[in-house]
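# Observations on the three-dimensional arrangement
The residues making up each chain are set out below.
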Amino acid sequence: MQTSTEQLALIRQLNIIDDVFFHKIAEDKAVCEEILRIILQKPKLRVIDAQAQRFLRNIGAHSVILDLLCEDEDGSRINVEMQKADDEDHVKRVRFNSSNIDTTFTEKGLDYKDFPDIYVIFISKFDMFQERKTIYHAGIFLHETGTVINDGIHRIFVNCAVDDGSDVAELMQYFKNSTGKNNKFPKLSDRVHYFKESKEGADAMTQVVEDYFKKRISEQMSEHDKETVKVLLQNGASVDLIKKSFPTLSGEYIEKIDQQLSVVGQ
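Notes on the structure follow. (Residues numbered from 1 in each chain as written. Predicted model: local features only at pLDDT ≥ 70, side-chain atom pairs only at ≥ 80, totals over all residues. Heavy atoms only, no water.)

### What about helix α6 (residues 186-197)?
Taking 1.5 Å per residue as the helical rise, α6 with its 12 residues ought to reach 16 Å, and the 15 Å between its terminal C-alpha atoms agrees with that figure. For α6, the set of buried residues is L188, S189, R191, V192, F195 and K196. Buried residues in α6, looked at end-on, bunch into an arc of 155 degrees, giving them a common side. (Helix = DSSP H or I, 4+ residues; strand = E, 2+ residues; numbered from the N terminus. Expected span 1.5 Å × (residues − 1). Buried < 20%, exposed > 50% of the residue type's maximum accessible area, 1.4 Å probe, protein only. Arc of directions from axis to C-beta.)

### A closer look at the sheet that holds strand β8 (residues 153-159)
For sheets, the rule is that strands pair by backbone hydrogen bonds, running either parallel or antiparallel. Pairing in this open sheet of six strands is mixed, and the strands run β1-β2-β3-β4-β8-β5 from one edge to the other. Because the sheet does not close on itself, it has two edges, and the strands there are β1 (47-56) and β5 (135-138). Across the sheet, the mean angle separating the axes of adjacent strands is 20 degrees when strand polarity is ignored. Alignment of β1 against strand β2 (residues 64-72), held across eight bridges, turns out to be antiparallel. (Pairing = 2+ DSSP bridges. Axes fitted to C-alpha atoms, helices over the stretch in contact; angles between N-to-C directions.)

### Overview of the packing of aromatic side chains
Tallying each qualifying case throughout the model produces eight aromatic pairs. Here F22 and F175 contribute two aromatic rings whose centre-to-centre distance is 6.5 Å and whose plane-to-plane angle is 45 degrees, an arrangement assigned as tilted. Of the two residues, F22 is situated in helix α2 (residues 19-25) and F175 in helix α5 (residues 167-176); the sequence distance between them amounts to 153 residues. When the ring of F122 is compared with that of F157, the centres are 6.0 Å apart and the planes differ by 50 degrees; the resulting orientation is tilted. A residue pair is termed long-range when its members are at least 10 positions apart, and F122 in strand β4 (residues 118-124) and F157 in strand β8 qualify at 35 residues. Like F122, the residue F157 is buried in the burial classification. Ring pairs connect the aromatic residues F122, F129, Y136 and F157, which therefore count as one cluster. In this structure, R77 packs its charged tip against the face of F105, placed 4.2 Å from the ring centre. (Phe/Tyr/Trp six-rings, centres within 6.5 Å; stacked < 30°, edge-to-face > 60°. Lys NZ or Arg CZ within 6 Å of the ring centre and 35° of its normal.)

### What to know about helix α4 (residues 90-105)
Spanning 16 residues, α4 covers 23 Å between terminal C-alpha atoms, matching the ideal 22 Å at 1.5 Å per step. Listed as buried for α4 are H90, R93, V94, N97, S98, N100 and I101. Seen along its axis, α4 keeps its buried residues to an arc of 160 degrees; they face one direction. For α4, exposure combined with an orientation more than 90 degrees from the buried face picks out K92, R95 and T103. Those residues of α4 hidden inside the fold are in contact with β1, β2, β3 (77-83), β4 and β8. Where α4 begins, one side-chain oxygen reaches toward the backbone nitrogen of V91, 3.4 Å away; that side chain belongs to D89. (Contact = heavy atoms within 4.5 Å. Polar contact = N/O pair within 3.5 Å; in protein donor to acceptor, adjacent residues only side chain to side chain.)

### Re the nonpolar core
With 45 residues, the main nonpolar core has I39, I121, I123, F175 and L188 as its most contacted residues. Tallying contributions element by element places helix α3 (residues 29-39) first for this core, with six residues. Every residue in contact with I123, bar those within four places of it in the chain, is listed here: I17, I39, V80, E81, M82, Q83, V158, M172 and F175. Ranked by size, the runner-up nonpolar core spans 12 residues in total, among them L66, L69, V120 and F122. (Core = buried A, V, L, I, M, F, W, Y, C linked by side-chain atoms within 4.5 Å.)

### What about the pattern of salt bridges?
Across all of its chains, the model carries 15 salt bridges by this definition. Close ionic contact of R77 with E71 constitutes a salt bridge, the shortest N to O distance being 3.5 Å. Judged by relative accessible area, E71 falls into the partly exposed class, the value being 23%. Among the charged side chains, a network of salt bridges with common partners joins K24, E27 and R191. (Salt bridge = Lys/Arg side-chain N within 4 Å of Asp/Glu carboxyl O.)

### Some remarks on the side chain of H23
Tracing the sequence through the fold places H23 in helix α2. Within the local environment of H23, its side chain forms a polar contact with the side chain of Q53, the two groups lying 3.5 Å apart. Ignoring anything within four residues of it in the chain, the contact list for H23 reads A52, Q53 and D67.

Set out below in structure tokens:
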């Protein structure tokens, strides 16, 4: 167990773009409202409900945990997702989230015209489309004429990589480097200050932080083990010996790497 000083040191390494920190930040409805007003450019938007890590169950299908799900005064559902690594098909993840929100919260018998709007805001550390924009609004349109079709799904991709000088970009820079106060988003920076600079905030995050850094260390060790396994196999070590030496790695993974190396060596 770390001391209070050690806990604060660990917390100060975190930024809002880290999902474990974002989840704590997003537990405050007023902070969520402030963030959404800036990203959606709706200065009067009101958040009626905000739930961090909202679990949507699909019996017999792929369930999902949303980083944040909000409802505004018009009944629109707003999902915010955080992503640091460019390691999957994020566009289809947005599609999947919006479809799950539709099926979970649309009342039986509701006319299509009365379906509430859904906003999926995907915040990434990288510029996913490499078009040098801080924010992208994706939608559907007629290819033949360019006419935009409004299906009530608003797909918004925001990133911390491009700083275009806008308020959204300033917010994203704060997501990437969450230190100090910023008068443009006082509620957000006050909450960051609470967790990073007070003993009470550190105590509230104790177990969260410990679990997060244990996971990071485990992932780093696992990646190191994988590279070591490749080197050992390349130098003639047997699969059985490696399985015994690296119990944290699955036997199937080790066999797969061995087969890949065998193909390359042919």
